[in-house]
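Residue strings, one per chain:
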Amino acid sequence: MENYLNMPRLIIFCLCILLSVADLFSQNILDFDNLSIDDGFSSSKANVIFQDSKGFMWIGTWNGLNKYDGYKCEILRPGYHDTTKISDREILALLEDHQGKIWIGTTSGLNCLNPMTNDLKRYEFQNRIISLFEDEHHLIWVGTWNGGLFRLDPATGETENYFGSEIISDICLDSKNNFWIATYYGLINFDRESTGYTRYLPDENHTGNSISHSVVTCIEESEDGTLWVGTWGGGLNKVLIHQNSDSLNFTHFRARDGENPLSSDVIYRLHYDKYSNLWIGTWDAGLNLLDPEQQKYAPEKTAFESFLSDLSDQYSVSGNNITALFVDRSGVLWVGSSKIDRANIIRKGITRFKTTGYSDGARSVSSVRSIASREDYLWVGTTNELKLYQY
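Criteria and cut-off values
- Residues numbered from 1 in each chain as written.
- Predicted model: local features only at pLDDT ≥ 70, side-chain atom pairs only at ≥ 80, totals over all residues.
- Heavy atoms only, no water.
- Buried < 20%, exposed > 50% of the residue type's maximum accessible area, 1.4 Å probe, protein only.
- Helix = DSSP H or I, 4+ residues; strand = E, 2+ residues; numbered from the N terminus.
- Pairing = 2+ DSSP bridges.
- 1 Å grid on protein atoms, 1.4 Å probe; cavity = no way out; pocket = protein on both sides within 12 Å on 5 of 7 lines; lining within 4 Å.
- Points joined across faces, edges and corners; volume = space filled by probe spheres on them.
- Nonpolar A, V, L, I, M, F, W, Y, C, P; charged D, E, K, R; others polar.
- Axes fitted to C-alpha atoms, helices over the stretch in contact; angles between N-to-C directions.

Caption draft 1: Layout of the pairing of strand E3 (residues 57-61). Of all five residues making up E3, five are buried, and the element is well covered by its neighbours. Of the two faces of E3, both are covered, the one formed by Met57, Ile59 and Thr61 as well as the one formed by Trp58 and Gly60. Strand direction decides the pairing type here: E3 and strand E4 (residues 64-68), joined by five bridges, are antiparallel. Residue pairing in the sheet places Met57 in a bridge with Tyr68 of E4.

Caption draft 2: Geometry of the layout of surface pockets. Reported here for the second largest pocket is a volume of approximately 920 Å³. Contributing to the lining of the second largest pocket are 31 residues, with Leu94, Leu132, Asp170, Glu220 and His271 lying nearest its centre. Only strand E2 (46-51), strand E6 (91-96), strand E10 (129-134), strand E14 (168-173), strand E18 (216-221), strand E22 (267-272) and strand E26 (324-327) provide two or more residues apiece to the lining of the second largest pocket. Taken together, the residues of the lining of the second largest pocket break down into 20 nonpolar, five polar and six charged.

Caption draft 3: Expanded view of the sheet that holds E14. The sheet built from four strands is open, its strands ordered E14-E15-E16-E17 with antiparallel pairing. At either margin of the open sheet sits one strand with a lone partner, and together these are E14 and strand E17 (197-200). Each adjacent strand pair in this sheet contributes to an overall mean axis angle of 20°, direction not counted. Pairing of E14 with strand E15 (residues 179-183), which is carried by five bridges, proceeds in the antiparallel orientation. Its bridge partner being in E15, Leu173 is matched across the sheet by Phe179.

Structure, rendered in structure tokens:
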């Protein structure tokens, strides 16, 4: 009789355990490894990462440019009074043009490298170069820090300057032929023929349909023509462009929205990959993923996946300050953080599931001691907890 009386207590106890430790099988687990100076790179901190048409990875750092073939690095650094080498060791922007040449934006000057011959040509600029873009006419657009936007004709070397002393953090030509410029004073739609423009700033009357912050850091376009705009302090903006491109609809995603919001409103990098994932690098709170399904929902119903640095987890991202993002053609995500992090975002082969738990109030990685299954459930006993997974 006593055993029957104790049954409700046992059930309540088990339910409490399940509610406190249950993990979802659908969680997206990324296993990061990393590269650094120890692997032959000029620096462990990447400012910009991209893959060229030949498959080489180019990593711009505070201490030179790295060309990586998957096994070893070739490092490009400046030489004292040597104009055949890059003009500065601080690499802030990279671009491959239609001829396969690599354009290198530095703190002091623009460089164009022919990777087949290693010939290099310099273009003088007085300001730090932080963004690069090649248009359909093979003109190079150069965004600078406090120097505005430049249009460069590589054939003649002639330049034209726009927006005076503004900070041009990103440049994007969308599928509707709108030329978007991210500045530290709003989002700009620039008409390259007339040189007229429309500037979008936060609405002082707080009507809602305006960009969330004046400091715009990055722009990406998704395959359906939606613009995604990152800001420094205003989170993420989803921008729908109506037939008349002057009429935009802004939706804001903030760190305070919903149950699984952005990890921070300070967004530094965006990258939209070929699998329709939007990767969001924050300045102070790690990496976020907005998958294709979640991109459809309103902010309060949207679930962002966050990837934070965890000293107890060797497979976590190496730091929470994200300075570069790129997904290569093989489906590897490259992240500039405390180190150069990599993770395969395509699920294949063996899948690892985290058993992170808490011991004495501190987060730790638990060892698996026992496993049992029943119907669609898997019970996992670890050194710290009992976990229940649903298939």
